[in-house]
Structures are given as structure tokens and as C-alpha cells.
Amino acid sequence: MNNFSDIVAFVRVVEAHSFVAAAQTLGMSPSAISKAVSRLEERLGARLLNRTTRSLSLTDLGTGFYERCREALGQLDQAENEVSESRGVPRGKLRVDVPISLGRKIIVPALPRFIEQNPELTVQMSMNDRVIDLVQEGIDAALRVGNLSDSSLIARRVGNLRGVTCASPEYIERMGGPPKSPEDLKPEQCIAMFRPGSNQIRDWMFRKNGVDLTIIPAAPLSFSDPESAVAAAVSGAGFVRTLDFTAEAQIASGLLQPVLEDWNDGAWWPVSVVYPQHRQPTAKIRAFIEFVSGLFPQITPDRVPALNGAGTDASPARVTRMAAAAPP
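Let me sum up the structure you'll find in this document. (Residues numbered from 1 in each chain as written. Predicted model: local features only at pLDDT ≥ 70, side-chain atom pairs only at ≥ 80, totals over all residues. Heavy atoms only, no water.)

**Details of unusual backbone geometry**
As a reminder of what qualifies: Helix and strand definitions here come from DSSP, where helices need a minimum of 4 consecutive H or I residues and strands a minimum of 2 consecutive E residues; each element is numbered from the N-terminal end. Three exposure classes are used, based on accessible area relative to the maximum for each residue type with a 1.4 Å probe and protein chains only: buried under 20%, partly exposed in between, and exposed over 50%.
Its identity as a non-glycine residue notwithstanding, N209 has a phi of 50°, on the positive side. With respect to the helices and strands, N209 occurs in the loop between β8 (204-208) and β9 (211-215). N209 gets classed as exposed once you look at its relative accessible area, which sits at 66%. For L260, which is not glycine, the phi torsion reads 55° and is therefore positive. Along the chain, L260 falls in the loop between β12 (257-259) and β13 (268-276). Classification of L260 by relative accessible area gives buried; the value is 4%.

Below is the structure:
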């Protein structure tokens, strides 16, 4: 079948609702994808897609053709997976998505070892701080920290991350010494972080001996990513509340000093690998889950509070339900 690659391009365009997204999935240029679909339409003598500058839609003929092609490609994928599973060897391309800071500081440095352990596997990693549609983006699995609100995904808990509140020693001295309670923190001293797209400021929640206190940061500076907030704290802009891995180097070198550590009871955020429900956990996904499980603390806290100031949306009940739904 000399037009097989053109059929694959057509199916991926329909699934991704975009020539650009399909091109990223297949590792091709958007122009090459467009030409492939045009070649297919020319061979068939029929228009499969209605194209406008803003949207794509299937024609009546295109709808039927897509369903048959999608089914055929699904069977081919299943056949390939069955062979791979019978060998128990992860192979092929693994497409994963991870948060930017987490990817840069923890996942990427460990990837060479992952590839060495799985020589028949290639990894294509995207890094986003926004929650993406895994199916539309053609992603096999993603790493999530905190709240898992998408019920169409299956999740496997792979570890936990701890939160920390800190500031530069100079700033702490200027403020008269380290705070003894969250009540000693003024909102304008707390560097704000907001959710990209919504501009919603993340609250800081503290817990000690069952007592919860909440602060809404109101410093003159606010950021959408934790690394920038940490850099601002190093420069003396105020206190920052973040996951410990984003500030561990600055703390170790003395550029930042942790505070209120006795108010961090249960300050753990769950880390999970998620993948779509309709996909079986193939050998390559299982290999990725096993690998990243070794990169995070495996502490299982009795209660993981919603400490959103660390740049996550922790929701322990939701995480527990989704983790329970995951296959063993």
C-alpha cells in the first residue's frame, strides 16, 4: 500500500483537529502533512476535509473513510503491541508530557539512564505547565503533580514531593527574623504565583497540630512558574512557597533559608503518571512508571492537604480515587 503514510497523516490530522498538532505527533512539518492529505484526496478523487483558516471538519465521505482507517490503524497498533507485550520488551516511541520545572530538574537528567535500560525505546518529551489533552496531542502518558481532575485518565501514584517556605537570609533579617507562625507573614511579603490562563493566585495553606492557616499572597511580584518565583526570592523580593526540588540548590548554598518548617505537617504533593483510559498500560508505559517511581520519595502521608501555594492543585480524595482505579 503505497499511500499508507498519507492515510496515517490524515487520521492524525482528524484526531488532533490540526495540521500543526498532527505534524508534531508524527515528527513532520505541517506543510508535509498538508501535502500528504492532499495526495490522498487526489488519489481517491474525493474531498475528505473541509478546510478554513480557523477550523477543520470531515466531509460526509471523509467521515466514513476516517472511521474505517482509524479502525484499521487501531488493529495494526494492537497487533504490534501484542508482539511487544509477548516479548515483554518496551519498544517504539514513547511520547510523554511533564511539568517544566519537574522535567528540567528531575526527569531530563535521568533520561539517559532510562534509554540505556530500554535500548529499543525512543522518548519524545514535551514540557508544559498547562494541562493538555493527551489524546488530542498524541501523548502516551503524562506526569502530574497534585490534583487530578480529568476523570477520563487513569493514574498511577509514583511518589510525593514536599513543600517548603523560604526567603533570602538578608530579607529575613530585614523583616526582624524568621516568622514563628504564618500569622507573622504579611501578604505583601509573600511572592504570588498564579495559574496560567486564569491568573488565579494560589493560596498558601499551613498546618500544625491540626490547625490550618491560609495566606493569600499579595507581593508586588507574581509569577506563573516556580523557578522565577525562587529567583525573585533569592534577590530579596520576599518569601516564596514552592516544592522543595525547585529551591533545594539555593537552600543548600545558603541563598535561601527555610522558615515555618513546623507548620508543614503533611505538606506532601502526590506525583502521578496518567494515561488515557482506552489505552492499555503497554510495556513502554509500564517501564516509564517504574522508572519515575525511583526518582521521587515514596512516603505515603496519611493526609495530603491542598497546599496550593506550591504551584499545584492538590486534592487527596481525587488522587486516591484515581489511583485506586489504576491497574495493579
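From this point, things continue past the structure.
**Considerations on the pairing of strand β3 (residues 92-98)**
A regular strand carries its side chains on alternate faces of the sheet. Let me state the cut-off plainly: When DSSP finds two or more bridges between two strands, those strands count as paired. A crossover gets the label right-handed when its path from the first strand over the helix to the second runs clockwise, viewed with the strands pointing away from the viewer.
With five of seven residues buried, β3 is to be regarded as a mostly interior element. The sheet contact formed by β3 and strand β4 (residues 121-127) spans seven bridges and is parallel. Across the sheet, the residue bridging to K93 is T122, located in β4. Each parallel crossover has a hand, and the one from β3 via helix α5 (residues 100-117) to β4 is right-handed. As defined by bridge partners, β3 adjoins strand β5 (residues 141-145) across two bridges and the pair is classed as parallel. When the sheet's bridge partners are listed, D97 is paired in β5 with A142.

**Some points on the packing of aromatic side chains**
Between two aromatic rings, the relevant description is the distance of the centres plus the angle of the planes. Quick note on the threshold: Stacked, edge-to-face and tilted are the three classes for Phe, Tyr and Trp ring pairs, Trp counted by its six-membered ring, which pair at centre distances within 6.5 Å; planes under 30 degrees apart are stacked, over 60 edge-to-face, the rest tilted. When the NZ atom of lysine or the CZ atom of arginine is within 6 Å of a ring's centre and also within 35 degrees of its normal, the charge is said to sit over that ring.
Going through the model one piece at a time under the given rule, you end up with five aromatic pairs. On the basis of an interplanar angle of 80° and a centroid distance of 6.4 Å, the ring pair of F10 and Y66 is categorised as edge-to-face. With F10 in helix α1 (residues 4-16) and Y66 in helix α4 (residues 60-87), the pair connects residues that are 56 residues apart, well separated along the chain. Here the two residues F10 and Y66 agree in accessibility, since each one is buried. When the ring of F114 is compared with that of F291, the centres are 4.9 Å apart and the planes differ by 40°; the resulting orientation is tilted. Taken together, the residues span a long stretch of sequence, with F114 in helix α5 and F291 in helix α10 (residues 283-293) at a distance of 177 residues. This pair shows no difference in class: F114 is buried, exactly as F291 is. Grouping aromatic residues by their ring pairs yields a cluster made of F10, F65 and Y66. If you follow R241 out to its NZ or CZ, it ends over the ring of F206, 4.3 Å from the centre.

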